[in-house]
Structure formats: structure tokens, C-alpha cells
Amino acid sequence: MIKRIDATDKAIELINILKEKHGDLMFYQAGGCCEGTQPQCFEKGGYYQRMGDVCIGTIEDTEFWVDKDLFEYWKHAHFTLKVIDAFGVGGFSLETPLKKTFQIEYRIFTEEEEKNLEPVRFVE
């Protein structure tokens, strides 16, 4: 099965630092005007998904949720979670006090990959 999301070593390292401090985590990638490519990291349950939102996979046992409308637009894309040294938009994400920002890079799946994608879960 082809994963829909992966992470860089630097992103995994930051997730583990945040998990030590905050416990279980979750990511949410919104589709609003301000977020762009910046997913938000919360304590698990710290953000309530909407009906139809999609979990595209996990990183370090941390669910990665995507806004239902954004998923519809990016459902043919692989997400790579990375981290940069910057203060991100909004500042609600748990990495903000560390002067870090999670960011997503996208690439389109090949036709071959599309045939074998991991299934997604929806909020019902």
C-alpha cells in the first residue's frame, strides 16, 4: 500500500519532542485562506473535525486530518510533512513557541501509485 503522507526526519524529531511535552497529538490541515501549506498540530482531541473531514494517515502514531474540501482538491497528491525555522501563520500550532513551523510539500501520485493507495477514514 502506498502511504498518502510521510515526514522528514526533522519533522519526526519535532513530533517526538512535542509528544514528550503534550502527550498524544493530532494534525489538522485546513483549507481556509490563511493556512496555505501549514498544518496545525494540537493535543489529540484539541481540535474538533467537521463531518466529512478525512484522516489520510499517521506519522509517529499521530493522525493527520485534512479538511474535506481540501482533500477533494488534493486527493491525488502525496503529502510530505516537513518543518522549517519560522513563525507560522496563526500561531495556534504547538510548535510555534519553539519558533518552528510544520509545512506540507505536495506531489501528484503516479498512475501506478493511485491503484494501491492506503484507504482513508472520514468523520461521519
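Residues numbered from 1 in each chain as written. Predicted model: local features only at pLDDT ≥ 70, side-chain atom pairs only at ≥ 80, totals over all residues. Heavy atoms only, no water.

A.B. asks: I'd like a description of the pattern of salt bridges, backed by residues and values.
C.D. replies: Oppositely charged side chains can pair when the atoms bearing their charge come close. Across all of its chains, the model carries 10 salt bridges by this definition. Put simply, Arg50 and Asp53 hold a salt bridge, and the shortest N to O gap is 4.0 Å. Among the residues examined, Arg50 registers a relative accessible area of 36% and is labelled partly exposed. Glu113 is paired through a salt bridge with Arg107; the nearest N and O atoms lie 2.9 Å apart. (Salt bridge = Lys/Arg side-chain N within 4 Å of Asp/Glu carboxyl O. Buried < 20%, exposed > 50% of the residue type's maximum accessible area, 1.4 Å probe, protein only.)

A.B. asks: Provide a residue-level description of the sheet that holds strand E7 (residues 101-108), including the pertinent values.
C.D. replies: Taken together, 3 strands build an open sheet; the order of strands is E1-E6-E7 and the sheet is mixed. At either end of the open sheet lies a strand with only one pairing partner, and these are strand E1 (5-7) and E7. Averaged over all pairs of adjacent strands, the angle between strand axes in this sheet comes to 25°, irrespective of strand direction. Alignment of strand E6 (residues 77-84) against E7, held across 8 bridges, turns out to be antiparallel. Bridge pairing links Lys82 to Gln103 in E7. Sheet strands touched by helix H1 (residues 9-22): E1, E6 and E7. Its angle to E6, the strand with the most contacts, is close to 65°. (Pairing = 2+ DSSP bridges. Helix = DSSP H or I, 4+ residues; strand = E, 2+ residues; numbered from the N terminus. Axes fitted to C-alpha atoms, helices over the stretch in contact; angles between N-to-C directions. Contact = heavy atoms within 4.5 Å.)

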